[in-house]
Structure formats: C-alpha cells, structure tokens
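Close look at the chain arrangement
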Amino acid sequence: MATSPISANPAAPADVLVVGGGIGGLSAAFALAREGLRVRVLEQAREFGEVGAGLQIAPNCTRILHDYGLLEEVKSLGVLPRSMVMRDAVDGGELTRLDLVDLEREYGFPYMVVHRSDLHGVFLRACRAAGVELVTDARVDGYENTASGARVLLADGRTDEARIVIAADGLHSVARRLLIEDEPVNSSYVAYRAAVPIGQAGRDVDLSEVSVHVGPRCHFVQYGLRGGQMLNQVAVFESPKALAGEADWGTPDELDAAFDATCREVRAGIPLMWRDRWWRMFDRDPIMTWVDGNIALLGDAAHPPLQYMAQGAIMAIEDGWVLARHVAARRAADGSIDWRGALAAYEAVRPEHCRRVLATARAWGELWHLDGVARLRRNTLLRARDTYDYSFTDWIYGPTALTPEEEPPMFTPIPLDPAMALNG
Ligand SMILES: Cc1cc2nc3c(=O)[nH]c(=O)nc-3n(C[C@H](O)[C@H](O)[C@H](O)COP(=O)(O)OP(=O)(O)OC[C@H]3O[C@@H](n4cnc5c(N)ncnc54)[C@H](O)[C@@H]3O)c2cc1C
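Residues numbered from 1 in each chain as written. Predicted model: local features only at pLDDT ≥ 70, side-chain atom pairs only at ≥ 80, totals over all residues.

**Details of the overall build of the protein**
- Across its full length, the protein holds 13 helices and 18 strands.
- Radius of gyration (C-alpha) of the protein: 22 Å, near the 22 Å computed for a compact globule of 424 residues.
- A principal-axis box enclosing the C-alpha atoms of the protein has dimensions of 65 × 45 × 40 Å.
- The proportion of buried residues among the 424 residues of the protein is 45%.
- At a minimum sequence separation of 6, the contacts of the protein that also span at least 24 residues come to 73%. (Helix = DSSP H or I, 4+ residues; strand = E, 2+ residues; numbered from the N terminus. Rg over C-alpha atoms; globule rule 2.2 N^0.38 Å. Buried ≥ 20, exposed ≤ 12 C-beta atoms within 10 Å, placed from the backbone. Contact = placed C-beta atoms within 7 Å.)

This is the structure:
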C-alpha cells in the first residue's frame, strides 16, 4: 500500500480538491485558484491530456474565456468559422445556417472551433501559472464528508482532504453515487472521429464553415482546426447491433453501412475516419441535486449529455465559472468563505440550465436523425427559419446565469406535424 504523500507540500493544505483533470476539472481549478484559493487536482491518468479531436465552443463559453483572460490565446490556436450550415445528408441540400460573424455581433463573443488538446493545454498552463497543484496517478475510489470538510480515498490506499471536494470525474463518476444510484443511458448511437492534416482531405473542403449533414439515423460534422491546417470530422450513427442487443457494437463495418445512402460530400469524408477507436454515445437522466455536504459534482459527472448541442465541455466550464463567482461573493473580510451558501447558490442555478441542455440534446438528436415523411417536414421547417432569427439560441448563447432569475426562458418548440400545431 502506497504511503508517499499526495502533495509535494503537505504543510500547505488545500482549500479545494478537484477530482479529474479534464476540461471541467482544470477550468474549475483555475477559476477557484484565481479567487486566491489553494487548489489541488487529482487525476487518475499518468499524464494530463485530452483526445486529439475538435471541440466547438459557442459564445457562452468564449465570454467566460474572455473573463479569464484566455480568449486571445485560444483564438490563436483555433479557427473562427464564418458560418454554420446544416444540410440534408441524403440530398445534400441546405436546410438552415447561422451567420457566425453576425452571431458574434449579436452575443458579443465568437463561435469558435478548437483542438481539444489545445483548449485543455490552455487550462493546464493557466492552472500552473495560478499555482494549482497538479497530481497524476491519483485514482479516487471513495468520498466522505468530515467534520471540517471532505476526504477522498485513493485506489492505492492514500487519502487526501480539504475544505471542499469538487468531483469532475466524468461520465462514470464515482462521486455521483453519493447522490443517486443511476447508470449511463445507452443511446445506441456511436461517434467516429478524425482530425487529419488538411492535405489528407483529398478534395476541397470549405473551412470557413462548420458543416453538419443530418440524415436518417446518422449525421456528419466537419470543420477546420489549427488555423485551417487540420480537418476535423465526426460521423455519428445508430448501431443496428446495439439495437439487437449485441455486445460488440458500433464497429467499422457498421460505419460504412450507415453512410452508404448519403450524398457524395458525406461519403467522401467517411474513409478518413479513425477506425481503431470509436465513442459509444451515453448520457444520463438529469439530476437536480449535485451537492452532498462538502462534496459537489461538476461537468460530465453531474450532467453528461448526448453531444448534439455541442455544449458538454461548455457546461463544465460554465459550472466552474459560476461556482467561483459565488465563492467570491461570499468571502468575508477575514478571507473566510461561506461555502454552504456558495454551494447552495451553485446548485440553485446550474442543474436546471443543464437539465434543459440535456433534454434539448436528446430532442435535437431525434430531429436530426428523422427518416421518411418526418424528415421532409423537418426540412421544410428548417428551410423556413430566417438566418438572423436568434430566438432558438438566445437561451443558450447569452450570458451564463448566476441565479435562477437570470436564466433566460427557453424557445417555443415548433411541432413537426402541422396538425399538432392546429390542435394546440
Ligand atoms: C463525439 C463528441 C463530440 C463532442 N463535442 C463537443 C463540442 O463540440 N462542444 C462541447 O462543449 N462538448 C462536446 N462534447 C462533450 C465534451 O467532450 C464533454 O462534455 C466534456 O469533455 C466533459 O468534460 P469533463 O471534464 O466534465 O469530463 P471528462 O472529459 O470525462 O474528464 C474527466 C477526467 O476525470 C478523470 N477521472 C475519471 N475518474 C477518475 C477518478 N476516479 N479519479 C481521478 N480522476 C478520474 C479522467 O481521467 C478525466 O481526465 C463532445 C463529446 C463527444 C463524445
């Protein structure tokens, strides 16, 4: 059993332990360190890192990056596309678009695409500069509240403790079990990714766009990374083997079959997909309680979504920003913090916002993957949308709410079936 101390400086106890060094954990650690707290991150992996694929970050995230003083660095690493275009994956016809230049004017901050490892690296450097202690090879298997804070139990037998523990340990969160005995929900969809040098694209790809082709039980996303030097692609489809209950599902033969009947532009991208790994798509049902005493969930541990809204990492970044703002607002002149109040304020606002995103992501996935008459109705509705109508994005791209009162109302859904609209 290991006995070496976790901290390089055991004499200076941490105020906050963050479990998990993904984008959620690191961004929260940075946000709290920026408020003058001593923060230690415990990551199970040997090294801090992220999968080398792309990430879309919308104005509700770039606004926070700006507040952190990190936006220019992220901009220098990413791409600022001019439009996001949704097309039908079968006939290739345009359905709707966002003018991302106008969208930046509307919301004050840009819509960007960035390599995940680049964004993760920005937070890692920011954490180091802010004095966050970063510990690897530290797998947390248990949590308990104590009289003065909370303690974590590591797989190698060590323990660590602090006033507060933030569990940012992802979809398979151990800490979540403190609050609920639930399991990830299998969508039977699987994602293939590829991030390749643009020269490998073998054809002209318009990197001024984020392109999304939506089709029956499948969709395909494409955009540029690293100043246009790389092409990022995501191919998502429903696995017949998953639906049949087979254990070995989402395999490359299914990828090829799923995109067989799509338009030329989509089929041209499929041979580039990585075939040695794929991501089965799970989310969880929303939960409204994220705090157990001095232990709080954050990021995918609290709200793993289906990725169709491209808001999973963004929600995690928002969580840390909101928590840090409430901590700052509850610090007394002697430096003490009303943690109970800060965690309650965090829990009053974030779960409802994330519940909305999780529910919308599921509904969005259903809309994207329609077939038959429903697909045609969807296409008619989407084509009728005015490019400059922001009523569907205001609730998500506007400023991140700090209180329930600041949370904007959601859009009014338009029924696909016109008869439903007539009958109310
Ligand atoms: C195909 C795909 C595309 C996506 N696209 C987007 C997008 O465009 N925009 C967007 O905002 N989101 C997107 N997402 C969602 C986004 O990737 C996630 O929501 C986000 O990465 C969650 O971050 P996290 O830090 O909460 O969790 P994770 O990234 O899962 O990080 C958890 C960390 O905790 C560590 N850990 C886990 N268990 C333990 C333990 N017991 N002890 C110690 N450490 C532990 C892990 O090693 C990991 O480092 C996408 C997801 C997928 C699958």
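**A word on the site of the ligand**
- Taken together, 32 residues lie near the ligand, and Gly20, Gly22, Gly170, Gly299 and Gly312 sit nearest.
- Breaking the shell around the ligand down by element, the ones donating at least two residues are α1 (23-33), β3 (54-57) and α9 (312-329).
- The dominant element in the shell around the ligand, judged by the number of residues it contributes, is α9, at four residues.
- Classifying every residue of the shell around the ligand gives 16 nonpolar, twelve polar and four charged. (Near = placed C-beta within 6 Å. Nonpolar A, V, L, I, M, F, W, Y, C, P; charged D, E, K, R; others polar.)

**Description of helix α4 (residues 100-107)**
- Those residues of α4 that sit buried are Leu100, Leu103 and Tyr107. Projected down its long axis, α4 shows its buried positions confined to an angular sector of 45 degrees, all on one face.
- Check the buried side of α4 and you find it contacts α2 (59-67), β4 (83-88), β5 (94-99) and α12 (394-397).
- With its phi angle positive at about 85 degrees, Gly108 sits one or two positions after the end of α4. (Arc of directions from axis to C-beta.)

**Remarks on the sheet that holds strand β18 (residues 295-297)**
- Read across the open sheet, the six strands follow the order β7-β2-β1-β11-β18-β17; overall the sheet is mixed. A strand with exactly one partner marks an edge of an open sheet, and here the two such strands are β7 (133-135) and β17 (291-292).
- Strand direction decides the pairing type here: strand β11 (residues 164-167) and β18, joined by three bridges, are parallel. Its bridge partner lying in β18, Ile166 is registered against Ala296.
- Each of β1 (16-19), β2 (39-42) and β11 is contacted by α1, which is oriented at about 170 degrees to β2, the strand it contacts most. (Pairing = 2+ DSSP bridges. Axes fitted to C-alpha atoms, helices over the stretch in contact; angles between N-to-C directions.)

**Comments concerning the nonpolar core**
- Membership of the largest hydrophobic core comes to 121 residues, with the highest contact counts inside it found for Ala29, Val165 and Ala167.
- The dominant element in this core, judged by the number of residues it contributes, is α9, at ten residues.
- Sequence-distant contacts of Ala167, that is, excluding residues within four places in its chain, are made with Val19, Gly20, Tyr143, Ser173, Ala175, Ile295, Leu297, Leu298 and Ala301. (Core = buried A, V, L, I, M, F, W, Y, C linked by C-beta atoms within 7 Å.)

**Remarks on the sheet that holds strand β15 (residues 230-238)**
- The mixed open sheet is built from seven strands, whose spatial order is β5-β4-β13-β14-β15-β12-β16. Across the chains shown, the open sheet's two edge strands, defined by having one partner strand only, are β5 and β16 (279-283). Neighbour-to-neighbour, the strand axes of the sheet open up by a mean angle of 20 degrees, direction not taken into account.
- Relative to β5, β4 runs antiparallel, the two sharing five bridges. Counterpart to Met84 in the pairing with β5 is Leu98.
- Strands in contact with α4 are β4 and β5; relative to β5, the strand with the most contacts, it is inclined by about 45 degrees.

**Overview of the UniProt feature "domain: FAD-binding" (unreviewed entry) in the protein**
- In the numbering used here, UniProt assigns the "domain: FAD-binding" (unreviewed entry) feature to residues 14-358.
- Annotation note: span residues 14-358, helix share 30%, strand share 28%, distance between end C-alpha atoms 33 Å. (UniProt positions renumbered as here; feature names shortened; annotations may be inferred.)

**So, the pairing of β15**
- In terms of burial, β15 is largely enclosed, as eight of its nine residues are buried.
- Where strand β12 (residues 185-197) lies against β15, nine bridges are found, and the strand directions are antiparallel. By the bridge assignment for β15, Ala195 is matched with Asn232.
- Pairing geometry for strand β14 (residues 218-225) and β15, over eight bridges, is antiparallel. Bridging from a neighbouring strand, Cys218 pairs with Phe237 of β15.

**With respect to the packing of α1 against helix α5 (residues 116-129)**
- Close contact between α1 and α5 brings their axes to 9 Å; oriented N to C, the two are set at 30 degrees. Overall, the two elements α1 and α5 adopt an arrangement that is roughly parallel. For α1 against α5, the interelement crossing comes out left-handed. Only Leu119, His120, Phe123, Leu124, Ala126 and Cys127 of α5 make contact with α1, whose side of the interface consists of Ile23, Leu26, Ser27, Ala29, Phe30 and Ala33.
- Considering only residue class, the contact of α1 with α5 consists of ten nonpolar, two polar and no charged. (Parallel < 35°, antiparallel > 145°, perpendicular 65-115°, else oblique. Left-handed = near helix turned anticlockwise from the far one by under 90°.)

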